[in-house]
Amino acid sequence: MAHRLQNPEDLVLVPGTRSLLVSEFAGMEDGAAGLLSRLDLDTNARTPLFRPGDGGLETAGWGDPACPGPPEEFSPHGIDLVERTDGALALAVVNHAGRESVEWFEVERAASGATVAWRGCVVAPDEGWFNEVVALPDGGFLASHMMPRNGLGQTLEMIKSGVFGVESGFVYEWSADGGFAPIPGTETGFANGIALAPDGRTLFVNSSVGGGVLRVDRETGERTGRADVPAPDNSTWSEDGRLLVASFTASFSEFSSCQELEAGACAASFQIVAVDPESLETEVVYESDGQTMGAGTVGLRVGDELFVGSFAGDRILRVRLEP
């Protein structure tokens, strides 16, 4: 199933609904213009929810008290949803446009569909360049720091040449009391998708350049295992307790050729790989040659269906899986 969107890089399901929140990505540099939207699964209707200047309820109070206000530019990347300790449903969004930041939104569920309202932000450290985020119930978050900040073209060339080694990125933790602090043991090549186990202690970090999913004890910094997954991007938790990891299998040239795509879909091949969090055994649950839609950045399972987003293209792939 194809539905016209703008680079739907990351997806989350709104609990208790048949709606996905979609990060419509526009790039990692200033001037990019993306938005948050809602995809209703029963009708395939897309509804824009937030972009700067749309108006709506904007009340600060979450994140950093020093947040300068609602974003004047917006290019969302990784997103994550959590129920806060006060009962509110909070969406954390990595933003690259105007400022490098994590933006906070409150999600309201209604019969007409979920809506979002901006609630605050946390501006990244000077060298921070985020990719994925994990929202925490206490108002903090974890964010993957990809690498030292560069122009996108220079970054791609550095990745291609292998300049970024095993410790080009890591994962930050941010809290209201302590601010930003790197999490020991998460240093890796192009830190990308991250996922936190239900125990709140076991962290999974995707190393896009290193070709693996690292399991790290968040409290001690000890690396307790690794699953081999080629060029992993985002991760989501499946109902069976496994991680679903989007994995690029295309060549670097095929992948990079989609950076300037203006219409249609990227044709780069990919897999969605299930990773057992205990044994770290892997299973390919979906594989695509990219012809219908490629460059899958996230695989989200809802019932017996798999929804796949991409950093380059105008659609979400919807696949019915075997029971």
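Reading the values: rules and limits
Residues numbered from 1 in each chain as written. Predicted model: local features only at pLDDT ≥ 70, side-chain atom pairs only at ≥ 80, totals over all residues. Heavy atoms only, no water. Phe/Tyr/Trp six-rings, centres within 6.5 Å; stacked < 30°, edge-to-face > 60°. Helix = DSSP H or I, 4+ residues; strand = E, 2+ residues; numbered from the N terminus. Buried < 20%, exposed > 50% of the residue type's maximum accessible area, 1.4 Å probe, protein only. Polar contact = N/O pair within 3.5 Å; in protein donor to acceptor, adjacent residues only side chain to side chain. Disulfide = S-S within 2.5 Å. Pairing = 2+ DSSP bridges. Axes fitted to C-alpha atoms, helices over the stretch in contact; angles between N-to-C directions.

### Section: the packing of aromatic side chains
Counting across every chain of the model gives 14 aromatic pairs. Here the aromatic rings of Phe50 and Phe74 are separated by 5.1 Å at their centres, their planes lie at 90°, and the arrangement is edge-to-face. Taken together, the residues Phe50 in strand β4 (residues 45-50) and Phe74 in the loop between β5 (58-63) and β6 (76-83) connect sequence positions 24 residues apart. Owing to a relative accessible area of 5%, Phe50 belongs among the buried residues under this scheme. Note on Phe74: relative accessible area 1%, which makes it buried. Taking the centre distance of 6.1 Å and the plane angle of 75° together, the rings of Phe130 and Tyr172 count as edge-to-face. Remark: Tyr172 occurs in strand β12 (residues 170-175) and Phe130 occurs in strand β10 (residues 130-135); sequence separation between them is 42 residues. The same class applies to Phe130 as to Tyr172, namely buried. Through a chain of ring-to-ring contacts, three or more aromatic side chains come together here, namely Trp62, Trp104, Phe130, Phe141, Phe170, Tyr172, Trp174 and Phe180.

### With respect to the side chain of Glu24
Counting through the fold element by element, Glu24 comes out in strand β2 (residues 19-24). In terms of polar contacts, Glu24 uses its side chain to reach the side chain of Ser37, at 2.6 Å. A distance of 2.8 Å separates the side chain of Glu24 from the side chain of Arg46, its partner in a polar contact.

### Focus on the state of the cysteines
For the structure shown, the criterion picks out one disulfide. Between Cys67 and Cys121 runs a disulfide, and the two sulfur atoms are separated by 2.1 Å. On the S-S bond that ties Cys67 to Cys121, the torsion sits near 115°, and the link is right-handed. Taken together, the residues Cys67 in the loop between β5 and β6 and Cys121 in strand β9 (residues 115-123) connect sequence positions 54 residues apart. Comparing Cys67 with Cys121, the two get one shared label, buried.

### Describing the sheet that holds strand β13 (residues 179-182)
Taken in spatial order, the four strands make up an open sheet running β10-β11-β12-β13, and their pairing is antiparallel. Each edge of the sheet is formed by a strand with only one pairing partner; in this case those strands are β10 and β13. Adjacent strand axes in the sheet meet at a mean angle of 25° when their direction is disregarded. With four bridges joining them, β10 and strand β11 (residues 141-145) adopt antiparallel strand pairing. Residue pairing in the sheet places Val134 in a bridge with Leu142 of β11.

### Remarks on the side chain of Asn95
Examined against the element boundaries, Asn95 turns out to sit in strand β7 (residues 89-95). A polar side-chain atom of Asn95 sits 3.1 Å from the main-chain carbonyl oxygen of Ala97.

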